[in-house]
Amino acid sequence: AWSVHENSIAYCLLVFLRPPPGHSFSLELDTMGQLPARHSSIRVELECMCWREQLLGDTLCFLHHPDDKLLRDRSSSLLHTLCTRSYLDAEKIACWVRPLVRSAWLLLPQSHHCQLTVLPSSRSCRFQLTGTSKVNICTEMIFAVQQ
């Protein structure tokens, strides 16, 4: 979504997250067995990848190869970075994405003409671009998952 005001443009980007190979996301139901409307708990679960291991040979099944420490540690590190216990943590995701956006911004030619400022936000990433024109551009990245 986007909106235009006098001297500013605001963008809201919905960024869908995908689970890493060998994992899946599942929404936890509320006490009534319904999907919660907002800020739901999204559980990260291991899933069987034996079929892919046998067919393509490009990954090991974490569920059935618990002794493969190197691959498991790499996956666990990412999950530890983005999760609290076994649940996605929006604040951790936002903290992880902010420096990636900052680094990517510096590689763009527009970075020589505009300044990227990170704005305060806990569960999303908000940025403001300011340049030589008098127009401010604000962007908010909101993270979501698909069933």
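Residues numbered from 1 in each chain as written. Predicted model: local features only at pLDDT ≥ 70, side-chain atom pairs only at ≥ 80, totals over all residues. Heavy atoms only, no water.

Caption draft 1: Geometry of the sheet that holds strand 7 (residues 115-119). In space, the five strands of this open sheet follow the order 1-2-9-8-7, with mixed pairing throughout. Both outer strands of the open sheet, strand 1 (2-4) and strand 7, are each paired with one neighbouring strand and no more. The sheet shows a mean angle of 15° between the axes of neighbouring strands, taken without regard to direction. (Pairing = 2+ DSSP bridges. Helix = DSSP H or I, 4+ residues; strand = E, 2+ residues; numbered from the N terminus. Axes fitted to C-alpha atoms, helices over the stretch in contact; angles between N-to-C directions.)

Caption draft 2: Quick look at the environment of Asn 136. The residue Asn 136 is located in strand 9 (residues 136-144) in this model. Residue class for Asn 136 comes out partly exposed when judged on its relative accessible area of 29%. Considered as a pair, Asn 136 and Asn 7 are 129 residues apart in the sequence and their alpha carbons are 6.3 Å apart. Excluding residues that lie within four positions of it along the chain, Asn 136 makes contacts with Asn 7, Ser 8, Ile 9, Gln 128, Leu 129 and Thr 130. For Asn 136, the side chain forms a polar contact with the side chain of Gln 128, separated by 3.5 Å. (Buried < 20%, exposed > 50% of the residue type's maximum accessible area, 1.4 Å probe, protein only. Contact = heavy atoms within 4.5 Å. Polar contact = N/O pair within 3.5 Å; in protein donor to acceptor, adjacent residues only side chain to side chain.)

Caption draft 3: Structural view of the environment of Ser 41. Mapping Ser 41 onto the fold places it in the loop between strand 3 (23-27) and strand 4 (42-46). As a C-alpha pair, Ser 41 and Phe 25 span 16 residues in sequence and 10.0 Å in three-dimensional space. Setting aside residues no more than four positions away along its own chain, Ser 41 makes contact with Ser 26, Leu 27, Glu 28 and Tyr 87.

Caption draft 4: Representation of the side chain of Gln 128. Locating Gln 128 in the fold gives a position in strand 8 (residues 125-130). Gln 128 has contacts with Gln 115, Leu 116, Thr 117, Leu 119, Asn 136, Ile 137 and Cys 138, leaving out every residue within four places of it along the chain.

Caption draft 5: View of the side chain of Ser 124. Tracing the sequence through the fold places Ser 124 in the loop between strand 7 and strand 8. A polar contact of 2.7 Å, which involves the side chain of Ser 124, links it to the side chain of Ser 121. Setting aside its immediate chain neighbours within four residues, Ser 124 contacts Ala 94, Arg 98, Glu 140, Met 141, Ile 142 and Phe 143.

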